Each structure stands twice: as C-alpha cells, then as structure tokens.
Number of protein chains: 2
Amino acid sequence: MSLPHAILTALLEKPSSGLELTRRFDRSIGYFWSATHQQIYRELGRLESEGYIRALPAERPARGQKKSYEVLPAGREELARWTSAPQEPRPWRDALFVRLRAAAVVGTTGIEADLRRHLTLHERQLAEYEEIEKRDFGPGRDSAQDRLQHLILRAGIDLETFWTQWLRNALTEFEALPDAAAPYGSGPPDDGVPDAGGGAAAGRS
Amino acid sequence: MSLPHAILTALLEKPSSGLELTRRFDRSIGYFWSATHQQIYRELGRLESEGYIRALPAERPARGQKKSYEVLPAGREELARWTSAPQEPRPWRDALFVRLRAAAVVGTTGIEADLRRHLTLHERQLAEYEEIEKRDFGPGRDSAQDRLQHLILRAGIDLETFWTQWLRNALTEFEALPDAAAPYGSGPPDDGVPDAGGGAAAGRS
DNA sequence: GGGATCATGTAACTTGTTACATGATTGC
DNA sequence: GCAATCATGTAACAAGTTACATGATCCC
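Below is a summary of the structure that appears in this document. (Residues numbered from 1 in each chain as written. Chains lettered and ligands numbered in written order. Predicted model: local features only at pLDDT ≥ 70, side-chain atom pairs only at ≥ 80, totals over all residues. Heavy atoms only, no water.)

**Things to note about a positive patch on the surface**
Taken together, the side chains of Arg90(A), Arg93(A), Arg90(B) and Arg93(B) make up a positively charged region of the molecular surface. Inspection of the secondary structure assignment puts Arg90(A) in the loop between α4 (73-84) and α5 (95-106). (Patch = residues over 30% accessible without salt bridge, like charges linked within 9 Å, V, L, I, M, F, W, Y side chains within 5 Å. Areas by Shrake-Rupley, 256 points an atom, 1.4 Å probe, with all protein chains shown as cover. Salt bridge = Lys/Arg side-chain N within 4 Å of Asp/Glu carboxyl O. Lys, Arg positive; Asp, Glu negative; His and termini not counted. Charge placed at Lys NZ, Arg CZ, Asp CG, Glu CD. Helix = DSSP H or I, 4+ residues; strand = E, 2+ residues; numbered from the N terminus.)

Laid out in structure tokens, this is it:
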C-alpha cells in the first residue's frame, strides 16, 4: 500500500499531472519506490474517486489533455494516518541470491560475468547518490525536511556501498573456487546439499 | 521469475512435498525469497504441467495425501539456463523510506516508535544469522557449495548490519530534530519542499 | 499536412496476498 | 468418535508488468 501514499507525498510537495509525476518518480521517489506511468494513472484514478485528490480546474475532454491534481484535506489526513501507523518490515527479496543458491547445485557457469556487470551498475548508482549528496546537502541545509531527506539519501548510499563491497568480495571468492564452471553434485539428483545438519546457507534448508 | 527456480533448487537439494517445501522456505531460502504455501502449490502445479518436475510414485487421491516431487532433467536444464543468464538488478523498494519522505511533509508523529521497533527486529535477525554462521560455517567447511552458501549468508549479515546502523543513526537524528511531532509546512498545501533546485532526498523531485 | 513528442489512458497478464475449504492421520 | 494437526488445495483480490491505443500540440 505504499504507492498511493508515495503519490500523495509527491503531490503535496507539488501538484502535478500524471506524466510529471512519472518523471519525478524517475528522478527521485522512484529511487526507493519505482512506478511506471500506467501504475500512476491507475492510482490517480483511485485516489480521485476516493476523494483524496482532485483535478485542478481546466477540466477539458481529458485524453491527450494535461490534467493536474492536488491533494485534498482528506488525502493529507490519510497520508498522516498511514505515516504514523506501525508497519512490518517486508522481507528483502533478491534474485541474485536465488541464483547463487541454484549455482551451488547446477554450477556457476556465467554468473561471474553478471556479478561483474552488477558491480558496475551499483558503482554507478553509488556515484550518482554521492553526487546528489554533494550538490544538495552541503553545510547549512539542516532544516527538519533536509535532515529527513538526507537520511533517506544516506540509506541509498549505504546500501549501494554494501552491494559494491559484497560483490567485490563475491568475485574474489569466485576466483578461488576449485572449478567454477562445473556443476556440483551432477550425479543422482538428490546428492546436493544435505538438508539437515549440514551447512545450508542462511540456515538449514 | 525467481520463485519457480527457487523451488527447483530446493527440490534438487532434496525432493519434497508442498508443505515440506513451505517449511524449508521458512527456515532457509525464504530468508531471501519468501513464499507462502499457496504460492508454492500453484507453482508446483505449473512446474509439473511444464514437465520440469514430477510427483514421486504413490499417486493416491491427492487431497490430504502427501505428494512429493522430484526434478526431471528438463527442470535441471531450465534451472541451469536461468542461473547463467544475465538479469537486471531489481530496484530496491522499501516503504520505510516512503514514510520518511511523507513525514517530511505531514510530520513525524509516531514514526520514531516504529523505527525503534524495526531496530529490535533487525537486531534479532542479525543475531539469528550470526548464530547460523557460527554453527554451520566453522573452519573446514570450505567446499564450493559451502563457500557459495556462506557468501549468501554474509549478504544477509551485512544487510542486517546496515539496517541496525542506519536505524540507530536515524533515531539519533530524530532526537536532534527541532519539533518532531509537528507537521512541517502545515500552511497552504503547496508550501512543502521546493520541487526544483532544493534539497529533495535522493535527487530533486 | 505530417512526423515527433507530449500526454492520458486500456487491456491482458503475472505475481503476490488473504481468506477459506476439505480430506487424512494421530492421540486421547 | 472427536479434537488437533498435517496436508493439499480454491477463490478472490491487489499489485506490478508489458504491450498497445489514442488524442493533442509543436515544428518543419
């Protein structure tokens, strides 16, 4: 249930049309909650029908015509309610770890190159965040808003730092691997990792 | 498309029934790709109809009767193919950052307590991972499988370390905040964070 | 007037979530 | 025999993805 609230936040920061929101998501909120324009239009429709936002005057035929929205008091209240309510952290999901676990059974062919590619992507993202930090959060910018937003940016920087370090470490491990290209346990299908008492990653499987 | 491949991996490690898979996911693979039993049964049905897995003999009426599956050669090939194919890293999504960004507009009431709660949860998870590391990855366990699975566990440990550190830092920031309970920019709805040229978190919004 | 681009949408599908239904087995 | 639990499922919905459709505007 985060997308509608991300949209309410963006609209409170500045009333916008669907496409403007899409672009702002690409540059900013999307760094931690991405959304396509189709999702955004759908959600704008719902928020409007629920009375949380309304289209600004100039209500022309619609299709092809720019349509800006602003947040209504009920929308602001809903956002405040949602923001202050406790929420469970969602378990993190990452396909890369599924792949590594699979590689431990069917072999690591091809993964190393992709890890290297991911490393480059994360290095690039980290550099982008650090650029933003230098540009937007110099000395003097320490209002409450600035601090909160800087906190979010720091999370992005720290996460990308984690990724670059972990990937470098993983690549080092791969180089030390006995025979990285061969499938492990390629005999009968049940001689892979022992299910109980053994060294299953992240717990016994 | 990770769930079917996570299931194939688990079944290669050890043929299992739906409920056994669910339990193994809870303890192990679910740490980086969670799944409910409904998802798993649906996916098992698909994998079977696609010829990637098959039910082990004893094909009794089904409902209420335990039904174990094993991976067929086609399933192993599909898993190897998927594992070695390049994939884009999915953008991380976390509602907590949406909430913080919203809090910068509608006020931080209630968030601090929830941050503290999250910190406790992440500390607990970190301790659990470290326990597993101590138990399952002592000296001597350095086969190719062990190394790969240890790598995954290290990612879990590093991520939880990130969270605990970031949350502690965030809580410190909150204590220093001028008036944490009051909404910011509570005048006209469009006087929040300036959209251009200002200090929007993670980029200009 | 015609192509590029801006802008708003529809439709179909896949994945994930929530709630519930039903049969089998075990222990008392 | 009956409650608890093991085990497999169905149904309905919500969220996210992918592909496409259509109107408006601008510039040549």
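Moving on from the coordinates now.
**Some remarks on the relation of the copies chain A and chain B**
Related by rotation about an axis and a shift along that axis, the two copies of the chain form a pair. Once turned by 180 degrees and shifted 0.0 Å along the axis, chain A lies on chain B with an RMSD of 0.0 Å. Here the copies are linked by what is in effect a two-fold axis. The share of interface residues of chain A whose copies in chain B are also at the interface is 100%, consistent with both copies meeting through the same surface. (Least-squares fit on C-alpha atoms with pLDDT ≥ 70 in both. Contact = heavy atoms within 4.5 Å.)

**Section: the nonpolar core**
Judged by nonpolar contacts, the single largest core of 108 residues is most densely connected at Ile7(A), Phe25(A), Trp166(A), Ile7(B), Phe25(B) and Trp166(B). Beyond its immediate stretch of four places on either side in the chain, Phe25(A) contacts Leu3(A), Ala6(A), Ile7(A), Ala10(A), Gly30(A), Tyr31(A), Trp33(A), Ala35(A) and Ile40(A). (Core = buried A, V, L, I, M, F, W, Y, C linked by side-chain atoms within 4.5 Å. Buried < 20%, exposed > 50% of the residue type's maximum accessible area, 1.4 Å probe, protein only.)

**Side note on the sheet that holds strand β2 (residues 53-55) of chain B**
Residue and element names in this part refer to chain B. Pairing is antiparallel across the open sheet formed by three strands, whose spatial order is β1-β3-β2. Looking at strand neighbours, the two that pair on one side only are β1 (16-17) and β2, the edges of this open sheet. Summarising the sheet, β1 and strand β3 (residues 68-71) pair through two bridges and their orientation is antiparallel. Bridged to Ser17 within β3 is Ser68. (Pairing = 2+ DSSP bridges.)

**Focus: the interface of chain A and chain B**
The interface of chain A with chain B comprises 100 residues on the first partner and 100 residues on the second. Across the chain A to chain B interface the summed buried area is about 9400 Å²; carbon plus sulfur atoms make up 62%. Where chain A packs against chain B, one counts four salt bridges. Where Glu88(A) meets Arg117(B), a salt bridge forms, and the shortest distance between an N and an O atom there is 3.0 Å. Counting residues per element, the ones that place at least two in the side of chain A that touches chain B are α1 (3-13), α2 (18-27), α4, α5, α6 (111-136) and α7 (144-176) of chain A. Counting residues per element, the side of chain A that touches chain B draws most heavily on α7(A), which supplies 22 residues. (Buried area = accessible area lost by both parts, 1.4 Å probe.)

**Considering the packing of α5(A) against helix α1 (residues 3-13) of chain B**
Contact pair α5(A) / α1(B): the axes reach a minimum separation of 9 Å and the direction vectors enclose 35 degrees. Once α5(A) is placed against α1(B), the crossing between them reads as left-handed. Of the residues in α1(B), those in contact with Val98(A), Arg101(A), Ala102(A), Val105(A) and Val106(A) of α5(A) are His5(B), Ala6(B), Thr9(B), Leu12(B) and Glu13(B). (Axes fitted to C-alpha atoms, helices over the stretch in contact; angles between N-to-C directions. Left-handed = near helix turned anticlockwise from the far one by under 90°.)

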